[in-house]
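# Topology and contacts: notes
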Amino acid sequence: MRTPRRWAIVGGGLIGTATALRLQAAGLETTLIDRGDARRGASFGNIGHIAAEQCEPMPSPATLKSAFGRLFAFGGPLDFRARDVALWGPWALRFLAASRPVAAAHGAEV
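First things first, this report covers the structure right here in the doc.

## A closer look at the side chain of aspartate 84
- Position of aspartate 84 relative to the elements: it lies in the loop between α3 (61–67) and α4 (85–98).
- Its relative accessible area of 19% is what places aspartate 84 among the buried residues.
- Of note is the side chain of aspartate 84, whose polar atom sits 2.9 Å from the side chain of arginine 81.

Written as structure tokens, this is what we have:
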């Protein structure tokens, strides 16, 4: 099986840009596709997670429902220290807004 020489990367956030740069470093031609403000990129709403196993955006009512069990204190990957609220708080508010059922449904159809 041959590796394609040309790749299209959808999402110009942190993960998409890093992936495109790595592919270019390996000698492959890449096209980076992202709508909107390039400074916000796709990672803005999906927390930089490569979710090949999922077909819905990370912000959703289901994600919020399972968040408590994912806290670092309980052995999970989420670590939101209260002293760092100024750093993660604005992002968390946007994530909560994007997790509303109407917003999550819109994100899944885009």
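Past the structure itself, the notes keep going.
## Let's talk about the pattern of salt bridges
- Applying the stated rule across the entire model yields 3 salt bridges.
- Across the pair glutamate 29 and arginine 6 runs a salt bridge whose closest N-O atoms are separated by 3.7 Å. Pair noted here: glutamate 29 is in strand β2 (residues 29–33) and arginine 6 is in strand β1 (residues 6–10), with a separation of 23 residues, a long-range link.
- When its relative accessible area of 45% is taken as the criterion, glutamate 29 is described as partly exposed.
- One connected set of salt bridges, linked through shared partners, spans Asp79, Arg81 and Asp84.

Conventions adopted
- Residues numbered from 1 in each chain as written.
- Predicted model: local features only at pLDDT ≥ 70, side-chain atom pairs only at ≥ 80, totals over all residues.
- Heavy atoms only, no water.
- Helix = DSSP H or I, 4+ residues; strand = E, 2+ residues; numbered from the N terminus.
- Buried < 20%, exposed > 50% of the residue type's maximum accessible area, 1.4 Å probe, protein only.
- Polar contact = N/O pair within 3.5 Å; in protein donor to acceptor, adjacent residues only side chain to side chain.
- Salt bridge = Lys/Arg side-chain N within 4 Å of Asp/Glu carboxyl O.

No statement about biological role is implied by the geometric values presented.
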